[in-house]
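Residues per chain, in single letters:
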Amino acid sequence: MPERTCIGCRRRKDQKSLIRIARDAMGHLALCAGFGRGAYVCPAPECIAEALTKGRLERALKQKLNQAELGDLQEELCKLR
């Protein structure tokens, strides 16, 4: 099973146990998308908070995100838990 690193807690885990956040060529964010530049985060609330508030997601995706995008993404991630 492939392993990936959570951008929140920085622990290596099975790829299937993490949530993939990706951006497409147009710069739109999507969860569990198969294509585009992506990052992985644990479904734990503290990992999601670390990834979104400390700029780790922006660094991983190499894209600046505005507050509206971050808010929408946080809502989507909370629904998955």
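Residues numbered from 1 in each chain as written. Predicted model: local features only at pLDDT ≥ 70, side-chain atom pairs only at ≥ 80, totals over all residues. Heavy atoms only, no water.

## Regarding unusual backbone geometry
Consideration 1: One non-glycine residue, R10, lies in the positive phi region at around 65°.
Consideration 2: The residue R10 is located in the loop between β1 (3–5) and β2 (12–14) in this model.
Consideration 3: Looking at R10, the relative accessible area reads 52%, which means it is exposed.
Consideration 4: We note that K62 has phi near 55°; this positive angle belongs to a residue other than glycine.
Consideration 5: Among the secondary structure elements, K62 is positioned in the loop between α2 (56–61) and α3 (67–80).
Consideration 6: Looking at K62, the relative accessible area reads 61%, which means it is exposed. (Helix = DSSP H or I, 4+ residues; strand = E, 2+ residues; numbered from the N terminus. Buried < 20%, exposed > 50% of the residue type's maximum accessible area, 1.4 Å probe, protein only.)

## Thoughts on the side chain of R20
Consideration 1: Counting through the fold element by element, R20 comes out in strand β3 (residues 19–23).
Consideration 2: The class for R20 is buried, based on a relative accessible area of 16%.
Consideration 3: Here Y40 takes part through its side chain, which lies 3.5 Å from a polar atom of the side chain of R20. (Polar contact = N/O pair within 3.5 Å; in protein donor to acceptor, adjacent residues only side chain to side chain.)

## What about the nonpolar core?
Consideration 1: Core analysis: the biggest nonpolar cluster contains 20 residues, and I21, V41, L52, L57, L73 and L77 have the highest contact counts within it.
Consideration 2: No other element matches the 4 residues that helix α1 (residues 45–53) contributes to this core.
Consideration 3: Non-local contacts of L52, meaning those with residues more than four positions away in its chain, are made with L57, L70, L73, Q74 and L77. (Core = buried A, V, L, I, M, F, W, Y, C linked by side-chain atoms within 4.5 Å. Contact = heavy atoms within 4.5 Å.)

## A short note on α1
Consideration 1: Among the residues making up α1, those that are buried are C47, I48, A51 and L52. All buried residues of α1 lie within an arc of 120° about the axis, which places them on one face of the element. Facing away from the buried side of α1, by more than 90 degrees, are the exposed residues E46 and T53.
Consideration 2: Buried residues belonging to α1 abut β5 (37–41), α2 and α3.
Consideration 3: One or two steps after α1, the chain reaches G55, where phi turns positive at roughly 75°. (Arc of directions from axis to C-beta.)

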